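# Results of the structural survey
Residues per chain, in single letters:
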Amino acid sequence: MSRPQVPRLDRKPLIALVERANRALQSDMVRRAHADGHTEVKMAHNSVFGFLPSDGARAADMAARAGITRQSMGEVIRDMVALDLLEMRSDPKDGRAKVVTYSERGLAVAGDGFGHLSELERRFAEEFGEEEYAVARDVLDRLVGVLDRLASEEDQASS
């Protein structure tokens, strides 16, 4: 008896393309941080660097924006505090809560990273052309919006 076959698309699935692009960008950021002398930076740290505003944020808010659990975000934050990249302080609006901020050293590391991101953006625009690269960015942004809307509709339908 033959086993049923998993249906396949006639081209690489969008999710695979996006995941590969994400991994390539994340790896590039870590590789560049190491080249800049920040050898303590790990791939997991990108979830903080990408979602921590300069004025700080609560870990739970960062986790939600990054799409990871509070526990995972807390683990990354604790690691980065131990590496003197982040600091924790009491939230002035709620003494029970903590706000995560960059340490002086963390600001330097993040600054180097965002400088590299700016350079990557320039290189991508040069490689693909300003208009084509703008379209790619716009489509990805809109794709997230559509998926968020669909999830919201499904949540409302199941309520």
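Below, the structure is looked at part by part. Model, not experiment: these values are computed from the prediction. (Residues numbered from 1 in each chain as written. Predicted model: local features only at pLDDT ≥ 70, side-chain atom pairs only at ≥ 80, totals over all residues. Heavy atoms only, no water.)

With that settled, the discussion passes to the packing of helix H3 (residues 59-66) against helix H4 (residues 70-82). Two elements in contact, H3 and H4, have axes whose closest approach is 9 Å; the angle formed by their N-to-C orientations is 115°. By the angle between their axes, H3 is roughly perpendicular relative to H4. The hand of the H3/H4 crossing is right-handed. Two secondary-structure elements touch here, H3 through Ala59, Ala60, Met62, Ala63 and Ala66 and H4 through Arg70, Met73 and Ile77. Classifying every residue of the contact of H3 with H4 by side-chain character gives seven nonpolar, no polar and one charged. (Axes fitted to C-alpha atoms, helices over the stretch in contact; angles between N-to-C directions. Helix = DSSP H or I, 4+ residues; strand = E, 2+ residues; numbered from the N terminus. Parallel < 35°, antiparallel > 145°, perpendicular 65-115°, else oblique. Left-handed = near helix turned anticlockwise from the far one by under 90°. Contact = heavy atoms within 4.5 Å. Nonpolar A, V, L, I, M, F, W, Y, C, P; charged D, E, K, R; others polar.)

This paragraph deals with the packing of aromatic side chains. A ring pair, where both rings are aromatic, is described by two values, the distance of the centres and the angle of the planes. Scanning the model with the defined rule gives three aromatic pairs in all. Ring centres of phenylalanine 124 and phenylalanine 128 lie 6.4 Å apart, and the angle between their planes is 40°; on these two criteria the pair is classed as tilted. On the criterion of helical spacing, the pair formed by phenylalanine 124 and phenylalanine 128 is a turn pair, its members being four residues apart in helix H5 (residues 104-128). Judged by relative accessible area, which is 27%, phenylalanine 124 ranks as partly exposed. An aromatic cluster is defined as three or more aromatic residues linked by ring pairs; in this entry it consists of Phe124, Phe128 and Tyr133. (Phe/Tyr/Trp six-rings, centres within 6.5 Å; stacked < 30°, edge-to-face > 60°. Buried < 20%, exposed > 50% of the residue type's maximum accessible area, 1.4 Å probe, protein only.)

A few words now on the pairing of strand S2 (residues 94-102). The pairing of strand S1 (residues 86-91) with S2 spans six bridges and is antiparallel. Each residue of the ladder has a partner; that of leucine 86, found in S2, is tyrosine 102. Counted along the chain from S1 to the antiparallel partner S2, the turn is two residues long. (Pairing = 2+ DSSP bridges.)

Before going further, it helps to examine the side chain of glutamate 40. For glutamate 40, the location among the structural elements is in the loop between helix H1 (14-35) and helix H2 (46-49). Within polar-contact distance, the side chain of glutamate 40 engages the side chain of arginine 105 at 2.9 Å. Not counting chain neighbours up to four residues away, the residues in contact with glutamate 40 comprise His45, Leu83, Leu85, Arg105 and Val109. (Polar contact = N/O pair within 3.5 Å; in protein donor to acceptor, adjacent residues only side chain to side chain.)

Attention shifts here to the environment of glutamine 156. Mapped onto the secondary structure, glutamine 156 falls in helix H6 (residues 130-158). Glutamine 156 gets classed as exposed once you look at its relative accessible area, which sits at 58%. A sequence separation of 39 residues divides glutamine 156 from leucine 117, and the C-alpha atoms of the two residues are 37 Å apart.

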